[in-house]
Amino acid sequence: MLMGFLIRPAQVQDLEHILKIYNAEILNGTATWNDQEKSLEDFLNWFKSLTEQQFPLFVAEHSETKHIAGYADYSSFRQISGFKHTVEHSVFIHPDFIGQGLGKALMLKLIEHAQHNRIHVMVAAIDHENQASIVLHEKLGFKQTGYMSEVGQKFGKWRDLVLMQLNLNI
């Protein structure tokens, strides 16, 4: 356990807090290239889909305040059966809690879950300007396997995507 935080499976009542973190990133950041805020109904459907497919959704809960400081999940890399042992993950941290090791703690929990569930490869798709995320992934053993120029847009600007992967040797 990270000092002061509990990493645990998300529950339905956490979705409202997770939604706030994600929608703030939509409005202010480039960790997601979505440009339309999501609704609680969207997140309820997402949570149901993850649960049905036995994919994880973890939260980092502040031990004292019980605030959700971040979350992480993984799901299908592509909806083709040949990719069933490859997943793509996401990690989002509330701006008030960045730099406290939560991203790493959540990533380690995802990696552990993936290994336990016989996932062969984890894929990260990271905005090229997010150097903190790229460095964290490198420290966890991810290798850059692709760089895609101008494949998306956010805030009226073309964005480049860095693809990284971790082979779990399963």
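Look above for the structure.
Thresholds applied
Residues numbered from 1 in each chain as written. Predicted model: local features only at pLDDT ≥ 70, side-chain atom pairs only at ≥ 80, totals over all residues. Heavy atoms only, no water. Helix = DSSP H or I, 4+ residues; strand = E, 2+ residues; numbered from the N terminus. Rg over C-alpha atoms; globule rule 2.2 N^0.38 Å. Buried < 20%, exposed > 50% of the residue type's maximum accessible area, 1.4 Å probe, protein only. Contact = heavy atoms within 4.5 Å. Areas by Shrake-Rupley, 256 points an atom, 1.4 Å probe, with all protein chains shown as cover. Lys, Arg positive; Asp, Glu negative; His and termini not counted. Charge placed at Lys NZ, Arg CZ, Asp CG, Glu CD. Pairing = 2+ DSSP bridges. Axes fitted to C-alpha atoms, helices over the stretch in contact; angles between N-to-C directions. Salt bridge = Lys/Arg side-chain N within 4 Å of Asp/Glu carboxyl O. Core = buried A, V, L, I, M, F, W, Y, C linked by side-chain atoms within 4.5 Å. Expected span 1.5 Å × (residues − 1). Arc of directions from axis to C-beta.

Engineer: Sorry, what's going on with the overall build of the protein here?
Structural biologist: Tallying secondary structure elements over the protein gives four helices and seven strands in all. Computed over C-alpha atoms, the radius of gyration of the protein comes to 15 Å, within 12% of the 15 Å expected from 2.2 N^0.38 for 170 residues, which places it in the range of a compact globule. With respect to the three principal axes, the spread of C-alpha positions in the protein is 40 × 40 × 30 Å. The buried share among the 170 residues of the protein stands at 41%. In the protein, once contacts between residues fewer than 6 apart in sequence are set aside, the share between residues at least 24 apart is 62%. Looking at the protein as shown, the accessible area adds up to about 9,800 Å², and 50% of this sits on carbon and sulfur atoms. One way to put it: in the protein the 15 positive side-chain charges average out to a point 7 Å from where the 19 negative ones average out.

Engineer: Explanation requested: the sheet that holds strand 2 (residues 57-62) in the structure shown.
Structural biologist: In a beta sheet, neighbouring strands pair by backbone hydrogen bonds and run either parallel or antiparallel. The strand order 1-2-3-4-5-7-6 describes an open sheet built from seven strands, whose pairing is mixed. One side of each edge strand has no neighbouring strand; the edge strands of this open sheet are strand 1 (5-9) and strand 6 (143-154). Mean inter-strand twist for the sheet, computed between neighbouring axes without regard to direction, equals 25 degrees. In terms of strand pairing, strand 2 meets strand 3 (residues 68-76) through five bridges, oriented antiparallel.

Engineer: What should I look at first to understand the pattern of salt bridges in this one?
Structural biologist: Oppositely charged side chains can pair when the atoms bearing their charge come close. All chains considered together, the criterion is met by six salt bridges. Taking the shortest distance from any N to any O, the salt bridge between glutamate 61 and arginine 8 comes out at 3.0 Å. On the criterion of sequence distance, the pair formed by glutamate 61 in strand 2 and arginine 8 in strand 1 is long-range, its members being 53 residues apart. Residue glutamate 61 shares its accessibility class with arginine 8, and that shared class is buried. Lysine 157 serves as the salt-bridge partner of glutamate 129, at 3.0 Å between the closest nitrogen and oxygen. You can see glutamate 129 sitting in the loop between strand 5 (121-127) and helix 4 (131-139) and its partner lysine 157 sitting in strand 7 (residues 157-167), a full 28 residues away along the chain. Overlapping salt bridges bring together Asp127, Glu129, Lys157 and Arg159 as one network.

Engineer: It is not clear to me how the nonpolar core should be interpreted in this structure. Could you clarify?
Structural biologist: Ile18, Leu57, Tyr71, Tyr74, Ile111, Met122 and Phe142 are the most contacted members of the largest nonpolar core, which totals 44 residues. At seven residues, the largest contribution of residues to this core is made by helix 3 (residues 102-116). If we skip the residues at most four places from it in the chain, tyrosine 71 touches Ile18, Ile21, Tyr22, Trp46, Leu57, Phe58, Val59, Ser90, Val91, Phe92 and Leu106.

Engineer: Hey, could you run me through the pairing of strand 7 in this one?
Structural biologist: Working note: regular strand, side chains alternate between the two faces of the sheet. Where strand 5 and strand 7 come together, seven bridges link them in antiparallel fashion. The partner of valine 123 across the bridge, within strand 7, is glutamine 165. The pairing of strand 6 with strand 7 spans eight bridges and is classified as antiparallel. Bridge pairing links lysine 143 to glutamine 165 in strand 7. Turn length for the strand 6-strand 7 hairpin, with the two strands adjacent in sequence and antiparallel, is two residues, and the turn residue phenylalanine 155 shows positive phi of about 55 degrees.

Engineer: I tried to follow the environment of glycine 99 on my own but got confused; where do I start?
Structural biologist: Positionally, glycine 99 belongs in the loop between strand 4 (86-93) and helix 3. Among the residues examined, glycine 99 registers a relative accessible area of 79% and is labelled exposed. Spatially, the C-alpha atom of glycine 99 lies 9.4 Å from that of alanine 132, the residues being 33 residues apart in sequence.

Engineer: What should I look at first to understand helix 2 (residues 40-52) in this one?
Structural biologist: In an α-helix, one full turn covers 3.6 residues, which means residues spaced three or four apart are oriented alike. Over its 13 residues, helix 2 extends 18 Å from the first C-alpha to the last, a length consistent with the 18 Å expected when each residue adds 1.5 Å. Listing the buried residues of helix 2 in full gives Phe43, Phe47 and Leu50. Taken down its axis, helix 2 places every buried residue within 65 degrees of arc, on the same side. Of the residues in helix 2, the exposed ones pointing more than 90 degrees away from the buried face are Glu41, Lys48 and Glu52. Lining the buried residues of helix 2 we find helix 1 (15-28), strand 2 and strand 3.

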